[in-house]
Amino acid sequence: MEAWTICKSIHKDISIPPSQWKVSTYQQNCFKRHDTPPFATDATTAPGTALFQHWIRDSYVLNETSSSSSSTPSWDPWTDFPNENVMKLYPDISDDDAARDYYTLWYTTTVDVPKEGKLRGHLTLHGVNYQPIVYFDGKMLQPYTTYSEDDATDDHDTGGMFIRRHYDLGLSNLQQSTSSSALEILVLPPPFAGMPCKEACTTRDCQGGDHNIAKSGAIMQCTAGWDWISPTPDRNTGIWDEVEIQWTLGDVKLHDAWVKVSNIVVENESENDIDETTTTLPLGDDVRVSVWIDLTVTATYHESRNRSTDGSYSYWITPYSSHLPQSPELLESSALASGTIYNVTIDQHAADYHLGNIRIPKAKLWWPHTHGDQPLYTVQVLFRSSDNAYESRADTTFGVRTVSSETGAASKSFTLKINGHPIFLAGGNWITTDQFLRFSNSYQRYCNELTLMANAGFNSIRVWGGGITETRQFYQAADEVGMLIYQEFWMTGDNNGRFAGDYDWPNDHGSYTRNVRDVIRKLRNHPSLAFFGGGNELYPTSKSPPRDVGEQIRMYIGVYDGTRPYVSSSVTEVGDSFDPFDSLAPKDGPYGIQREEDFFDRNPGFTSPLLSLDELARNVSIHDVKNKRAPGRNIGFQAEIGSVSHPELESLKRFLSSDALESFPSCGVTSCFQVDQKWNHLKWIPFTEQSGLDYICQFQYPPVSNLTIDTRMDSVEDYSWAAQFAQYNQYNALVQGYSHRIFDWHSAFYIWKTSSPSPTLRGSLYDWYLATNGGYWGAHSGLSGGNPVRLIFNRHDWTLNVVNTLPKAFLGTTMRWTAHSLNGTRVGGDTMAIPDQLNGNHVAHLEHKLPWIQSE
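Each value, and the rule that gives it
Residue positions are given per chain, counting from 1 as you read along its sequence in written order. Confidence filtering applies because this is a predicted model: local features only for residues at pLDDT of at least 70, side-chain atom pairs given and counted only at 80 or more, and all residues used for totals across whole chains, interfaces and linings. Excluded from the side-chain calculation are hydrogens and water; included are all heavy atoms of the structure. Cysteine sulfur atoms that pair up within 2.5 Å are treated as a disulfide. Helix and strand assignments follow DSSP, with helices taken as H or I runs no shorter than four residues and strands as E runs no shorter than two, numbered in order from the N terminus. Here the term buried applies to any residue with accessible area under 20% of the maximum for its type, exposed to any over 50%, and partly exposed to those in between, with areas from a 1.4 Å probe on protein chains only. Any carboxyl oxygen of Asp or Glu within 4 Å of a side-chain nitrogen of Lys or Arg constitutes a salt bridge here. Strands are treated as partners if at least two bridges between them are detected by DSSP. The definition of a nonpolar core used throughout is a set of buried Ala, Val, Leu, Ile, Met, Phe, Trp, Tyr and Cys residues joined through side-chain atoms within 4.5 Å. Contacts were defined at the residue level, with two residues in contact if any of their heavy atoms lie within 4.5 Å.

## A look at the state of the cysteines
Put plainly, two cysteines are in a disulfide when a covalent bond ties their sulfur atoms together.
Then step 1. A full pass over the atoms with the stated rule returns four disulfides.
Then step 2. Disulfide pairing is shown between Cys7 and Cys30; the S-S distance is 2.0 Å. Residues Cys7 and Cys30 are joined through a disulfide that is right-handed, its torsion about the S-S bond being 115°. Taken together, the residues span a long stretch of sequence, with Cys7 in strand 1 (residues 5-8) and Cys30 in strand 2 (residues 30-32) at a distance of 23 residues.
Then step 3. Using a relative accessible area of 12% as the deciding quantity, one classes Cys30 as buried.
Then step 4. Between Cys197 and Cys206 runs a disulfide, and the two sulfur atoms are separated by 2.0 Å. Here Cys197 and Cys206 share a disulfide; its torsion about the S-S bond, -90°, makes the bridge left-handed.
Then step 5. When its relative accessible area of 7% is taken as the criterion, Cys197 is described as buried.
Then step 6. For the chain, the disulfide bridges join cysteines in the arrangement 1-2, 3-5, 4-7, 6-8, where the cysteines are counted in sequence order.
Then step 7. In this structure Cys222 is not part of a disulfide, and its nearest cysteine sulfur, from Cys197, lies 14 Å away.

Here's what the structure looks like:
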C-alpha cells in the first residue's frame, strides 16, 4: 500500500468516496502523509486515530509556514505526548455536530494489484473505531463472515472497536489498464460518545464522563475521562489497528488456525495418556513432553464459477521463528510434526475444518517467566485444490501448557493454575501503552514495557475492562516475555448500572457479543492469555453483564476456546452471598498512601473481616460477624490495590513548565483544590495519609514538628527526591505485605495501576516515556526482581519471612542480613540458617525477631 491520504468528510452521502470528488474539492480537503513512524517498519499498517491525523496535518502546516526551513513543530506527534496547551486546540467530539464531523475522516490509499496468475484479494481491518465504510476500486464493499452457517450472523452493521472485518477485493484482472486500485475507508465515530468531565479538579463523578459512552458497547470507556486520565477528544475514532491485505490463488481463503491442547504426557515416564485437567506437570526447562493437539482451520469460499472445490490440507508444526519458510520442503525438514489430509471438499461460504488430533513429540512446556521458559511453536496450514487452481495459507503461534483454576482451600479465592500448579499472581493493571493508541502496532514498545514489568518481578497483567482488548503484537510480546494476561471485556460498574449508567447497556447487545466472539477467536492460541473477565466491578452479576450478554459470552468461550476460566466480574459485594466462582473478590482498593505496616494486615486499609455498606451504616461490629473466614469477608484475590505515584524529576520537566514546577504542592495538602491546576491536569494525588502525616515532607530537614499548608519543601528537586523515596517504601511494603501469606490469605494482587498511557501523577510505576520511578524500584526490591525464593521484612512485627513461590521444596537454606545506620554506616550483619525444609508455594515465618530489635 502507498502512504495514506486523509480527507475530511464533506458529503453526508457516503456513496461518494474522495476518488469521485472534484479535483478542487479533493485538493482542498485531503492531505497525503509522507511520514514513517519511529516504532514501526510500515507506516501503512495502522494509520491511527482521527485526532492523530489532525496532529500530523497541523505539524505539516507549521513546518510549511515556518520562517526557517530548519524549524520543527513545537512537539512531534509521533514521539511526544501533547501538553495541555496543544489539547486545547482540538474540540471534543461531544461539543456539537461540527466536532463530530471534524473526527469523521476518509482514509485513502492505493493498493498494488498483482498481475501474475489469477489472485483474489482479501482485506482485513483488525481494529476500527467505530464503524467503517469501505470502497475498493470505486465500489462499496460489505464485510463477509468467517463463521459457519450454524453461527453465521449479519456483520454488515456491527459496530465496535475490537471485531475484525473481512472484505473480498475480488479477482485481479489481467486486462485492467492500471496496476493499482483505490482503497477508501470512511470511519464513523461511536454513536454515543458521552459528555466528558473537562475539569482538572472536581467533586463530580467523572468515571466515564456522563456515562453514556457505555451505550456504544465495545469501546474504550476511559476515553470519556476518568479520575486518572483526561478525556480523549475523538474517543479514539479511526483505524487504530492493523490494515492487512493478502492475495490468494483462487477462491479459497484460510483464517484462524486453532491449536487446542487435548493431552500432555511426560516422555520417558509413562506410556499412558493422562487427563490434562488433572495432571500436575513437572517443572524444569529440560522436561520433554508429548502433546496432542486438535488442529482446526476456518476456510471461506468465494466461488466465481463452481459450487465446490476439492483439494487437500497440509500442515507443518515447527519451533517458532520470526522468519517462517514458505516452501513445503523447507518446512518438512524442520517440522516436529506434519501431515496431509486428502479428499477435502469445500462447498460452504464459511466452515471450520478439523485436521485431526496430532501428536507433537519432544515438546517443551510454556511457563510464566517466574517459573520457567517460554518455548513457542508455529503451525502452518496450506490448502491446495486438486487442480492447483486454488492455494491459501494460515499460520499461528502457540505454546504448550494447561490452564485451570480452583478456589484456594485457605484463601478461599480464585487461584490460577498453570500446568497443574497454583501460580501466585503478582500483577499490574493495564489500560494500554498510549492514550491515543499510537503504539498499537509496535511489538517493540509492547516488549519493552512488558519486560520492564517482568524485570521487576511481576508475572501477570490485568487488561482492565474500561480500556481495550490488546493487539496481537501485545500478546506476542506477552507470550515471549512470559506474562500471564487476565483480559476483561468492555464493561464497568461505573457506567453499566452499578454506580451509574444502566444495566441494559450497551444498546446493541448483538454487536457487543459479536465483538466478544471475534476477540476469543483472535486470542485463543496465545499461551499468555490466562483467563477472561466479564468486566470491571460489575454487580449484581445476574444483571451485569445483561443476562443475554453474559450467557452469550460463556457460550462463545465454551465453543471457540473451551480451555480458559471465565469470571463475570472482578469485584462484586461484601457479604456471605459472595460467590468466588463468579467473581474474583468482594472488594478492591484502597488507592491512597498507607502506613507501611498496614500492608501486612488482612485486607490492608479495611477491616478484617470486611463489612458490607449496610453493616457499616448500622454500625455493626466486626466481632458480630458470624463467619469471619467466609470468602466474602476477606480479599483473597486483590484485583486493584494502589498508592501514590510521582515521576522522576527529568520526566516531570517534560510534562510541566518551569513556572508550574515551582508551584509544587505544599506540605499536608489533601485536596486538589489546594494544588496548582497544572498539577491537577496530571491527576495529582496527595502523599498525606489520614493521620495528617505528609510522606514527602517527613523528609524535610531540619524536621518540622507542626506541618501546615504554608510549609513547603525547599525546592522541586527536594520534593521530587522525597517523593521517590516515599514511593519506594510504599510499593516495597505493598508487594511484600501481599506476598507474606501467599495461598493462605492471598492468591493474587494487582497494583492499580502500573502502566502509564499518559503523563500522570497518579497510578504508575513508570511514565509514558518508560522512565521508572521510586515505586518501580520499591516493587522490584520487594519482589526480588522475580526471584521465586525471596526474603520479606514484616514491618508489623519486625520479623523475617522466606517466601518460596515455586512448587518444589528447598533444603539447607540460609539467609544473610546486614544493618546500616541512616548515614550509611554498617552496624551489624550475620548469616542465619533456616532449620526446616522450605516447602513449595509456602512462606517460612521465622520465630525470632532481627537481632538488633529488642523484645518488648
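## A closer look at the pattern of salt bridges
Then step 1. Tallied over the entire structure, the rule returns 27 salt bridges.
Then step 2. Here Glu242 makes a salt bridge to Arg472, at a shortest N to O gap of 2.7 Å. In this pair, Glu242 is assigned in the loop between strand 11 (238-239) and strand 12 (243-249) and Arg472 in helix 7 (residues 472-481), connecting sequence segments 230 residues apart.
Then step 3. With a closest N to O distance of 2.8 Å, Arg521 and Asp256 form a salt bridge. With Arg521 in helix 8 (residues 509-523) and Asp256 in strand 13 (residues 252-266), this pair connects stretches of sequence that are 265 residues apart.
Then step 4. Since its relative accessible area comes to 3%, Arg521 is described here as buried.
Then step 5. Overall, the relative accessible area of 17% leaves Asp256 in the buried class.
Then step 6. In the salt-bridge network here, residues are joined through shared partners; they are Arg164, Asp256, Asp518 and Arg521.

## Observations regarding the pairing of strand 34 (residues 814-820)
Then step 1. Burial along strand 34 is one-sided: Met815, Trp817 and Ala819 are buried, while Thr814, Arg816, Thr818 and His820, pointing the other way, are not.
Then step 2. For strand 34 and strand 35 (residues 826-833), the ladder comprises seven bridges, and the chain directions are antiparallel. Looking at strand 35, one finds that Arg816 is bridged to Thr831.
Then step 3. Hairpin connection, strand 34 to strand 35: the antiparallel pair is bridged by five residues, and Gly824 has positive phi, about 95°.

## Quick notes on unusual backbone geometry
Then step 1. For the bond running from Tyr539 to Pro540, omega is -10°, close enough to zero to count as cis.
Then step 2. With respect to the helices and strands, Pro540 occurs in the loop between strand 26 (529-533) and helix 9 (547-560).
Then step 3. In this structure, the amide linkage connecting Ser544 to the following residue, Pro545, adopts the cis form with an omega of 0°.
Then step 4. Position of Pro545 among the secondary structure elements: in the loop between strand 26 and helix 9.
Then step 5. The phi torsion at Glu537 lies on the positive side, around 55°, for a residue other than glycine.
Then step 6. Turning to its location among the elements, Glu537 is positioned in the loop between strand 26 and helix 9.
Then step 7. For Asn603, which is not glycine, the phi dihedral falls at a positive 60°.
Then step 8. Structurally, Asn603 is set in the loop between strand 29 (583-585) and helix 10 (613-617).

## Quick notes on the nonpolar core
Then step 1. Membership of the largest hydrophobic core comes to 75 residues, with the highest contact counts inside it found for Phe458, Ile461, Phe474, Phe489, Leu734 and Phe749.
Then step 2. Broken down by element, the residue count for this core peaks at seven residues, all from helix 6 (residues 443-456).
Then step 3. Those residues in contact with Phe489 that sit more than four places away from it in its chain are Gly465, Tyr512, Val516, Val519, Ile520, Phe532, Gly533, Gly534, Gly535, Ile553 and Tyr566.
Then step 4. In this structure, Ala351, Ala363, Val400 and Leu806 belong to the second largest nonpolar core, which totals 57 residues.

Purely geometric stuff here, so don't read any function into it on its own.
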